[in-house]
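Residue-level listing of the chains:
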Amino acid sequence: MMVNFCVATSSEEMVPPDIAFLKGFLKAEKEVVLGSFGVQFEVEKKLIATDIELPNGKQIDLNFLSDNDRSVNLLVSDMDGTLLEEECIDEIAELVGKGPEVKKITALAMKEGLNFEEALVRRLALIKGTEIEVLEKCMAKRINIRYGAKVLFKTFKKHFGDTAILSGGFTFFSDRIQRQLKADFSFANVLEFKNNRLTGKILGSIVNSERKTELMKQLCARQGKNISNAVAVGDGNNDIAMITESHMGISFRGGDQVNLSAKHVLKNSNISAILHLLGLREDQFVY
């Protein structure tokens with residue numbers, strides 16, 4: 001018999017009164033405390049992901065799934081705004097005095113459905129001529145891996161399978177982030193440099209929405225699996241295709257369109273909450 005669960009997660013610690021409230025709210029049979037920030041409840045049926053505010057003001061994400069949803073062996077994740085707190089291109093632009101113009105286009109691409117390639121070309125044109133030292137400075141001083149991302153990648157690798165970064169950003173950053181997260185694979189756009197300055201062009205084909213989905217399928221096929229075994233997580237419109245095509249699609253701090261498209265939504269939790277969705281307890285996490 002298939003068991004249905006509701007996994008409640010938060011970036012704030014959940015205490016016994018919170019758990020008692022949620023158990024009543026969900027009309028749950030029983031609960032298992034997965035850790036300080038996650039509790040699993042047995043429920044009668046799967047509902048649509050939502051978030052609620054507890055009487056004490058804590059914001060909780062509620063995601064519904066079954067045992068079957070947890071048979072996964074590949075994690076693919078977007079980078080900018082998902083694994084990273086920032087959008088790399090926005091931070092480069094800030095350093096060269098083009099911040100507002102570039103951020104405006106990024107926002108349109110993320111939330112309003114401006115064509116991704118067009119947005120990328122327009123933003124690259126604005127930072128054309130930037131020296132490679134500026135990108136080095138950007139990486140060192142302005143780019144931050146999200147709290148919980150390293151734990152997510154290391155733990156997934158131990159318990160489930162391969163991990164991959166699928167980014168519409170740049171290999172200049174993703175190669176470094178891949179090393180820090182110890183990800184198995186990383187794909188992103190290759191920036192063209194001439195005389196150590198950005199030309200404003202990308203070498204090879206652009207990693208867009210379609211390419212991300214294609215790469216996810218290729219990585220699954222490589223393992224002799226199909227996409228019914230992949231977890232895909234992202235925050236922007238160019239992640240929607242891979243999120244909807246994957247077995248477990250997760251919107252992490254995503255825009256409205258992404259939230260509507262994803263089976264699972266995390267608005268108020270750390271990215272490591274994905275491990276609780278997969279049924280892992282905190283004492284199984286790899287730090």
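Scroll up for the structure.
In this text, all values refer to a predicted model and were calculated from it rather than measured experimentally.

Draft legend 1. The arrangement of the packing of aromatic side chains in detail. Per the stated rule, a full pass over the model turns up four aromatic pairs. For the ring pair F21 and F25, a centre distance of 6.3 Å and an interplane angle of 10° mean the geometry is stacked. Residue F21 and its partner F25 are located together in helix α1 (residues 16–26), separated by four residues, close to a single helical turn. On the numbers, 5.2 Å between centres and 70° between planes, the contact of F172 with F173 is edge-to-face. For the pair formed by F172 and F173, the shared burial category is buried. One Lys or Arg, R176, reaches over the ring of F172 and ends 4.2 Å from the middle of that ring.

Draft legend 2. Broad picture of the pairing of strand β1 (residues 4–9). For β1, a buried count of six out of six residues is recorded, marking the element as mostly surrounded by other parts of the structure. By the alternation rule, side chains of β1 split into N4, C6 and A8 and F5, V7 and T9, which are all buried. Relative to strand β3 (residues 38–43), β1 runs antiparallel, the two being bridged by six bridges. Looking at the pairing, A8 lines up with V39 of β3. Bridge analysis of β1 against strand β5 (residues 59–66) gives six bridges, and the strand direction is antiparallel. From the neighbouring strand, C6 faces β5, where its bridge partner is F64.

Draft legend 3. Summary view of α1. Regarding α1, the residues found buried are D18, I19, L22 and L26. With its buried residues spanning 95° around the axis, α1 presents them on a single face. Seen from the open side of α1, the exposed residues pointing more than 90 degrees away from its buried face are P16, P17 and A20. Positive phi appears at K27, one or two residues downstream of α1, with a value of about 50°.

Draft legend 4. Geometry of the pairing of β5. Along β5, seven of the eight residues are buried, which leaves the element largely enclosed by surrounding structure. With four bridges joining them, strand β4 (residues 50–53) and β5 adopt antiparallel strand pairing. Across the sheet, I52 pairs through a bridge with I60, a residue of β5. Once β4 ends, the chain turns through five residues before running back antiparallel as β5, passing G57 with a positive phi of about 95°.

Draft legend 5. Here's a closer look at the sheet that holds strand β10 (residues 230–234). Taken in spatial order, the seven strands make up an open sheet running β9-β8-β7-β6-β10-β11-β12, and their pairing is mixed. The strands lining the two open edges of the sheet, one partner per strand, are β9 (197–203) and β12 (264–266). The mean angle between the axes of side-by-side strands here comes to 25°, regardless of whether they run parallel or antiparallel. Where strand β6 (residues 74–77) lies against strand β7 (residues 162–170), four bridges are found, and the strand directions are parallel.

Thresholds, definitions, all that
- Residues numbered from 1 in each chain as written.
- Predicted model: local features only at pLDDT ≥ 70, side-chain atom pairs only at ≥ 80, totals over all residues.
- Heavy atoms only, no water.
- Phe/Tyr/Trp six-rings, centres within 6.5 Å; stacked < 30°, edge-to-face > 60°.
- Helix = DSSP H or I, 4+ residues; strand = E, 2+ residues; numbered from the N terminus.
- Buried < 20%, exposed > 50% of the residue type's maximum accessible area, 1.4 Å probe, protein only.
- Lys NZ or Arg CZ within 6 Å of the ring centre and 35° of its normal.
- Pairing = 2+ DSSP bridges.
- Arc of directions from axis to C-beta.
- Axes fitted to C-alpha atoms, helices over the stretch in contact; angles between N-to-C directions.

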